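Residues per chain are reported as follows:
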Amino acid sequence: MANITVSVPDDIYNAARIRAAEARTSVSALVREYLTRIAAQGSEFERLVAEQNEIITRIHERGAAFSASERLSRDDIHDRDALR
């Protein structure tokens, strides 16, 4: 198990000691619990990748397929007369 050193202002440390005493634990245990929680949550990137994969799976389950042939041609996209 790794040991870490964290510097915090005295008032924060004192408040953490009081909170730890109320919970009948140590400041180290509170910090360990907090770090364990945030490590288990994963990163925002991982969450977004999982969400993207879920959406793609739902699209495939519905049988919806996307085709480039259904899109506008390059000429149609850049048709300046259509914008007037």
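Look up: the structure comes first, before these words.
The shown structure was predicted, so the numbers you read here are calculated from the model rather than taken from an experiment.

Engineer: Teacher, can you tell me more about the overall build of the protein here?
Structural biologist: The helix and strand tally for the protein stands at four helices and zero strands. Seen in sequence order, the protein has helices and strands lined up from the N terminus as α-α-α-α. Residues counted as buried form 2% of the 84 residues belonging to the protein. Surface summary for the protein: the accessible area is close to 8100 Å², and the carbon and sulfur share equals 53%.

Engineer: Help me understand unusual backbone geometry in this model?
Structural biologist: Among all residues save glycine, negative phi is the norm, and among peptide bonds the norm is trans. Phi is positive for Arg24, close to 55°, though the residue is something other than glycine. For Arg24, the position within the fold is in the loop between α1 (10-22) and α2 (27-41). The exposure class of Arg24 is exposed, given its relative accessible area of 80%.

Engineer: Can you help me understand the pattern of salt bridges in this one?
Structural biologist: Applying the stated rule across the entire model yields three salt bridges. Across the salt bridge formed by Glu44 and Arg47, the nearest N and O atoms sit 2.7 Å from each other. Note that Glu44 and Arg47 are positioned in helix α3 (residues 44-61) at a spacing of three residues, about one turn of the helix. We classify Arg47 as partly exposed; its relative accessible area is 42%. Between Glu51 and Arg47 there is a salt bridge, with the nearest N and O atoms lying 3.1 Å from each other. Remark: Arg47 and Glu51 occur in helix α3; sequence separation between them is four residues, near one turn of the helix. By relative accessible area, Glu51 is classed as partly exposed at 38%. Salt bridges sharing partners connect three or more residues here, namely Glu44, Arg47 and Glu51.

Conventions we followed
Residues numbered from 1 in each chain as written. Predicted model: local features only at pLDDT ≥ 70, side-chain atom pairs only at ≥ 80, totals over all residues. Heavy atoms only, no water. Helix = DSSP H or I, 4+ residues; strand = E, 2+ residues; numbered from the N terminus. Buried < 20%, exposed > 50% of the residue type's maximum accessible area, 1.4 Å probe, protein only. Areas by Shrake-Rupley, 256 points an atom, 1.4 Å probe, with all protein chains shown as cover. Salt bridge = Lys/Arg side-chain N within 4 Å of Asp/Glu carboxyl O.

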